[in-house]
Amino acid sequence: MGTCEKQISYFMGSNTPVGFISRFSQLVDPRIISTAYILKAGPGTGKSSLMRRFADFFEQKGYEVHRIYCSSDIQSLDAVFVPKLAVAILDGTPPHVIEPAYPGAVEQVVSLFDSFDIDKLKAHREEIIACFKENKALHAKATLFISAAGSLLGDNLRTAQEYVNREKLSRFCEKTAAAEFGRKSAAKPGAEYDVFFSAITAQGVTFHGDTLHRFCKRAYLFEDRYGCVGGEILRSLRDSAVRAGHAVICGFCPTAPFEKMEQLVVPELQLGFFVANKFHTPEFSDQKVVHDRRFLDEQRLKEHRAKLRFNRRAAEELLKEASGFIADAKVNHDKLESYYTAAVNFEKTDEILEKLLDAYR
């Protein structure tokens, strides 16, 4: 069977107001994963290429494959997950360091260090150290701007929350949950898998919207200007779906990575619930659009519109600046990679990949 017509892709790490947030620990969670291959090596040593070929191998066999991309370089893979086989391969180096909790039983460390020509790397020792330090400094600057943007968007959320009709919101959630998931609780609750479908990257806010169509045939779309309605609805529906025994995939906002859910997917039902805003507006042929006006006191909110508009526009500019620093970090990282690429024997990397794949041929 050939490769999938549409790839499943998303992020599991993102630049956020509190720095880089990683959710890669799920890919070594024994409740989800049977075997996890943790790659250890430096930049430019072929990790992403190895994972791409790993993904190609299983897609050509007809398996659903999740390609997990790097938010600092959206062309580069950070991990690959094959759900049916409960197998994952991931980059276990900074900023998403993963160490084995159950060595051998779940995780296997795959070192590419044997492919290094250490003498070539030593020859550029000072340049390599300088590049690593510069990369860290540029990402720290990006974090400052993302934090400022997050504060402004958070202020909009808190302001608008004062004018939400909680009774209407609660009734809507209860009615929707009953219609989609029923009213009974399952004997065993469903599992939750947390990701980022969008991330702040060198190209701005990058959204893997096409992936949502791989999971869903129909959707609810919540138009949410201030971020005060959609997230609350999604959290309530997530809880209802999990109680009903459905596994769910939750996509979080990179400007509020723990508080603000923006995508909820129930794969078993081919159903999705998505927040629509300036940064991402997925579209489905079978969708129900719900506007935030339904739950807001628009008249009382009017007095804050100038501030809300200013905050949104300022946040957009701050995120653009953050993306600029991430782009500078990418240029610097490319330079760093060049030192390692010139010092790697990629034939050894190929041998390592073939050995891993032998178990699945």
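Here, every reference points to the structure presented above.
None of these values were measured; they are calculated from a predicted model.

A. The arrangement of the overall build of the protein in detail. Summing up its helical and strand segments, the protein has nine helices and 16 strands in all. For the protein, whose C-alpha radius of gyration is 22 Å, the value lies close to the compact-globule estimate of 21 Å for 361 residues. Across its three principal axes, the protein shows a C-alpha extent of roughly 70 × 45 × 35 Å. For the protein, the residues scored as buried account for 53% of the 361 residues in total. Restricting to contacts in the protein with at least 6 residues of sequence separation, those with at least 24 account for 79%. Counting only carbon and sulfur atoms, one obtains 50% of the accessible surface of the protein, whose full area is about 17,100 Å².

B. Inspection of a positive patch on the surface at higher detail. On the surface, a cluster of positive charge is made up of Lys-168, Lys-175, Lys-288 and Arg-294. Among the secondary structure elements, Lys-288 is positioned in strand E16 (residues 287–291). Judged by its relative accessible area of 43%, Lys-288 falls in the partly exposed class.

C. A look at the packing of helix H3 (residues 125–161) against helix H8 (residues 305–341). Closest axis-to-axis distance for the H3/H8 pair is 8 Å, and the angle between their directions is 165°. Comparing the axis directions of H3 and H8 gives the class roughly antiparallel. Like other packed secondary-structure pairs, H3 and H8 cross with a definite hand, here left-handed. Of the residues in the contact of H3 with H8, the class split is 23 nonpolar, seven polar and nine charged.

D. Quick peek at the pattern of salt bridges. If you walk through the whole model with that rule in mind, you get 22 salt bridges. Across the pair Arg-361 and Glu-354 runs a salt bridge whose closest N-O atoms are separated by 2.5 Å. The exposure class of Arg-361 is exposed, given its relative accessible area of 52%. Bridged by salt links that share partners, the residues Arg-225, Asp-292, Glu-298 and Arg-305 form one connected network.

E. Geometry of the sheet that holds strand E7 (residues 87–91). Strand order in the open sheet formed by six strands is E1-E5-E6-E7-E4-E8, with mixed pairing between adjacent strands. Since the sheet does not close on itself, it has two edges, and those belong to strand E1 (8–11) and strand E8 (107–111), each with one partner. Taking the axes of each pair of neighbouring strands and ignoring which way they run, one obtains an average angle of 20° across the sheet. Pairing geometry for strand E6 (residues 77–82) and E7, over four bridges, is antiparallel. Along E7, the bridge assignment pairs Ala-79 with Leu-90.

F. Here's a closer look at the packing of aromatic side chains. Under the defined criterion, the tally for this structure stands at 17 aromatic pairs. With centroids separated by 6.3 Å and ring planes inclined at 70°, the aromatic side chains of Tyr-37 and Phe-54 adopt a geometry described as edge-to-face. Of this pair, Tyr-37 sits in strand E4 (residues 35–40) while Phe-54 is found in helix H1 (residues 47–60), placing the two residues 17 residues apart along the sequence. Phe-54 matches Tyr-37 in its accessibility class, with the two residues each being buried. On the basis of an interplanar angle of 65° and a centroid distance of 6.1 Å, the ring pair of Phe-181 and Phe-273 is categorised as edge-to-face. One end of the pair, Phe-181, is in helix H4 (residues 166–181); the other, Phe-273, is in strand E15 (residues 271–276), with 92 residues separating them in the sequence. Both residues of the pair, Phe-181 and Phe-273, count as buried. Ring pairs connect the aromatic residues Tyr-37, Phe-54, Phe-57, Phe-58, Tyr-63 and Tyr-360, which therefore count as one cluster. Sitting over the ring of Phe-252, Arg-23 keeps its end group 4.8 Å from the ring centre.

G. View of the environment of Glu-162. Here Glu-162 shows up in the loop between H3 and H4. Since its relative accessible area comes to 59%, Glu-162 is described here as exposed. C-alpha separation for the pair Glu-162 and Lys-320, spaced 158 residues apart in sequence, amounts to 29 Å.

Conventions we followed
Residues numbered from 1 in each chain as written. Predicted model: local features only at pLDDT ≥ 70, side-chain atom pairs only at ≥ 80, totals over all residues. Heavy atoms only, no water. Helix = DSSP H or I, 4+ residues; strand = E, 2+ residues; numbered from the N terminus. Rg over C-alpha atoms; globule rule 2.2 N^0.38 Å. Buried < 20%, exposed > 50% of the residue type's maximum accessible area, 1.4 Å probe, protein only. Contact = heavy atoms within 4.5 Å. Areas by Shrake-Rupley, 256 points an atom, 1.4 Å probe, with all protein chains shown as cover. Patch = residues over 30% accessible without salt bridge, like charges linked within 9 Å, V, L, I, M, F, W, Y side chains within 5 Å. Salt bridge = Lys/Arg side-chain N within 4 Å of Asp/Glu carboxyl O. Lys, Arg positive; Asp, Glu negative; His and termini not counted. Charge placed at Lys NZ, Arg CZ, Asp CG, Glu CD. Axes fitted to C-alpha atoms, helices over the stretch in contact; angles between N-to-C directions. Parallel < 35°, antiparallel > 145°, perpendicular 65-115°, else oblique. Left-handed = near helix turned anticlockwise from the far one by under 90°. Nonpolar A, V, L, I, M, F, W, Y, C, P; charged D, E, K, R; others polar. Pairing = 2+ DSSP bridges. Phe/Tyr/Trp six-rings, centres within 6.5 Å; stacked < 30°, edge-to-face > 60°. Lys NZ or Arg CZ within 6 Å of the ring centre and 35° of its normal.

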